[in-house]
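# Fold and geometry: a report
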Amino acid sequence: RSENSSTADPPKSVEYTNDVPLGSSFTTNASSVPRSPVCKPPTLGKSAELVPRARTYTVLGEIESSQGRNDEAAEAYRKALEVEPSRLETRYALAALLRKRGDLQGAAAQLRHVLAQDARAWRAAEQLGDLLLELDDARGAAAAYQTAIDDHGDDGALLMKLAKLQLEQLGLVQPAIK
């Protein structure tokens, strides 16, 4: 290009470093340090890949789910469970997501995992009962509700669910009356 050209040269790329002279205004106000647009901080997903931690993947799943990206959320929850299979909060979250997506069998499998890890997880038993009812497994639902009652005690809502199920779908009058 000639020096007499009317078009200006594009601006040269500037590289920023963390080397700031002592005594400069940048050392007292870190927020004013210029940052290169190509030096973006790693995303949460990248962070999880660098150091796989179940909590990081769980948070990533929660973020993806809140943004409506359910496939990505399910993948993040599954990765969290690969790292730490005993994370009950992640299993609950994955079960809820799978149920929302219509994968009732998958959701039930996650709740069964919760119950296998913590037999006193009565909320998982109740949720499993609800899922099994949707899957037309009245006997399985009744067993799940009974497990929840055994673990939680005489909860009125659980007792009513079980009694209604026994009367309406299983034809069991005597157990429902108790």
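A quick note: this is a predicted structure, and the numbers were derived from the prediction, not measured.

### Thoughts on the overall build of the protein chain
Summing up its helical and strand segments, the protein chain has nine helices and zero strands in all. Helices (α) and strands (β) of the protein chain occur, in sequence order from the N terminus, as α-α-α-α-α-α-α-α-α. Contacts in the protein chain between residues far apart in sequence, at least 24 positions, make up 35% of those at least 6 positions apart. Here the protein chain displays about 11800 Å² of accessible surface, and carbon together with sulfur accounts for 51% of that area.

### Let's talk about the side chain of Gln110
When you line up the elements, Gln110 lands in helix H5 (residues 104-117). Given the relative accessible area of 12%, Gln110 is considered buried. Aside from chain neighbours lying at most four places away, what touches Gln110 is Leu81, Arg91, Leu94, Ala95 and Leu98.

### Section: the nonpolar core
Among the nonpolar cores identified, the biggest contains 32 residues, and Leu128 and Leu165 are the most heavily contacted of them. Secondary structure elements with two or more residues in this core: helix H3 (70-83), helix H4 (88-100), H5, helix H6 (122-134), helix H7 (138-152) and helix H8 (156-168). Considering each element in turn, this core owes the most residues, seven residues, to H7. Excluding residues within four positions of it along the chain, Leu128 makes contact with Ala108, Leu111, Arg112, Leu115 and Ala144.

### Re the pattern of salt bridges
Inspection of every chain in the model, using the stated rule, returns 10 salt bridges. We note a salt bridge from Arg101 to Asp71, for which the minimum N-O separation is 3.0 Å. Of this pair, Arg101 sits in the loop between H4 and H5 while Asp71 sits in helix H3, and the two are 30 residues apart along the sequence. For Glu126, the salt bridge is made with Lys161, and the minimal N-O distance between the two is 2.8 Å. One end of the pair, Glu126, is in helix H6; the other, Lys161, is in helix H8, and 35 residues separate them in sequence. Judged by its relative accessible area of 15%, Glu126 is buried.

### A short note on the side chain of Glu64
Tracing the backbone through its elements, the reader meets Glu64 in helix H2 (residues 54-66). The buried category is assigned to Glu64, whose relative accessible area is 14%. Among the polar contacts listed, one links the side chain of Glu64 to the side chain of Arg69, at a separation of 2.4 Å. If near-sequence neighbours (up to four positions away) are discounted, Glu64 is found in contact with Arg69, Glu72 and Ala73.

### A closer look at the environment of Asp151
Considering the arrangement of structural elements, one finds Asp151 in helix H7. For Asp151, a relative accessible area of 17% puts it in the buried group. In the structure, Asp151 is positioned 29 residues away from Trp122 in sequence and 5.7 Å away in space, judged by C-alpha atoms.

### Observations concerning the confidence of the model for the protein chain
The predicted model of the protein chain has a mean per-residue pLDDT of 78, with 69% of residues at 70 or higher. Across residues 1-8 the pLDDT falls below 50, and counting only partners more than four positions away or on other chains, this stretch makes four contacts in the model. Confidence over residues 10-41 falls short of pLDDT 50; this stretch has 12 contacts with residues more than four positions distant or in other chains.

### As for the environment of Ala109
Along the polypeptide, Ala109 turns up in helix H5. Residue classification places Ala109 among the partly exposed positions, given a relative accessible area of 32%.

Quick notes on the rules
Residues numbered from 1 in each chain as written. Predicted model: local features only at pLDDT ≥ 70, side-chain atom pairs only at ≥ 80, totals over all residues. Heavy atoms only, no water. Helix = DSSP H or I, 4+ residues; strand = E, 2+ residues; numbered from the N terminus. Contact = heavy atoms within 4.5 Å. Areas by Shrake-Rupley, 256 points an atom, 1.4 Å probe, with all protein chains shown as cover. Buried < 20%, exposed > 50% of the residue type's maximum accessible area, 1.4 Å probe, protein only. Core = buried A, V, L, I, M, F, W, Y, C linked by side-chain atoms within 4.5 Å. Salt bridge = Lys/Arg side-chain N within 4 Å of Asp/Glu carboxyl O. Polar contact = N/O pair within 3.5 Å; in protein donor to acceptor, adjacent residues only side chain to side chain. pLDDT = per-residue confidence, 0-100.

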